[in-house]
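Architecture at a glance
Each chain, letter by letter, is given below.
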Amino acid sequence: MSGRMVAAYLETIGVPSTQIESWDLGVLTDDSFGDAQILDEAWPIIDEKLNAIPKGTVAVITGFIGKDKQGRITTLGRGGSDLTASLLGAAAGFDEVQVWKDVDG
């Protein structure tokens, strides 16, 4: 829900944006709910989907979640949002991913 709100706000101030669920980008995991591992076959799917986002559009993407091969929602466990950010940054070919937090650890 918060991702949709952020994307909607960005639109109201003139910033082209879209909210995307991480599983819609291809974050495919095993079926270990609570500590799911991202499958290697997810990489080319994520790369393709990221490249389909229109240039100049801010993508607000959920972290911490994916789907298994049966389409069931999975969670990545502790550090899953950071892992999602790193995964997407690596798939996009970024040189750097910065994760800012408001909590220790």
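Every chain is numbered independently, its residues counted from 1 as its sequence is written. Whole-chain, interface and lining totals are the exception, using all residues; otherwise, since this is a predicted model, local features are given only for residues with pLDDT of at least 70 and side-chain atom pairs are given and counted only at 80 or more. Just so you know, side-chain values use all the structure's heavy atoms and leave hydrogens and water out.

On to the confidence of the model for the protein. The predictor's confidence in any single residue is recorded as pLDDT, a number from 0 to 100. Here the protein averages 92 in pLDDT, while 99% of its residues score no lower than 70. Looking at the elements of the protein, mean pLDDT is at its lowest for helix H3 (residues 80-92), recorded as 91, and at its highest for strand E1 (residues 17-20), recorded as 96. Under the scheme used here, helices are H or I runs from DSSP no shorter than 4 residues and strands are E runs no shorter than 2 residues, and both carry numbers assigned from the N terminus.

Core analysis: the largest hydrophobic core is formed by 14 residues, its most contacted members being Leu25, Ile38, Ile46 and Leu50. Elements with a minimum of two residues in this core: helix H2 (42-51) and H3. Those residues in contact with Leu50 that lie beyond four places of it in its chain are Leu25, Ile61, Leu88, Ala91 and Ala92. By convention a nonpolar core is built from buried Ala, Val, Leu, Ile, Met, Phe, Trp, Tyr and Cys residues, the set being connected through side-chain atoms within 4.5 Å. Exposure classes here rest on a 1.4 Å probe applied to the protein chains alone. A residue is buried below 20% of its type maximum, exposed above 50%, and partly exposed in between. Contacts are assigned to residue pairs with any non-hydrogen atoms lying within 4.5 Å of each other.

Take the pattern of salt bridges next. Salt bridges are defined as contacts in which a side-chain nitrogen from Lys or Arg sits within 4 Å of a carboxyl oxygen from Asp or Glu. Tallying each qualifying case throughout the model produces three salt bridges. A salt bridge links Arg72 to Asp68; the shortest N-O distance between them is 2.8 Å. Accessibility expressed as a relative area gives 44% for Arg72, which makes it partly exposed.

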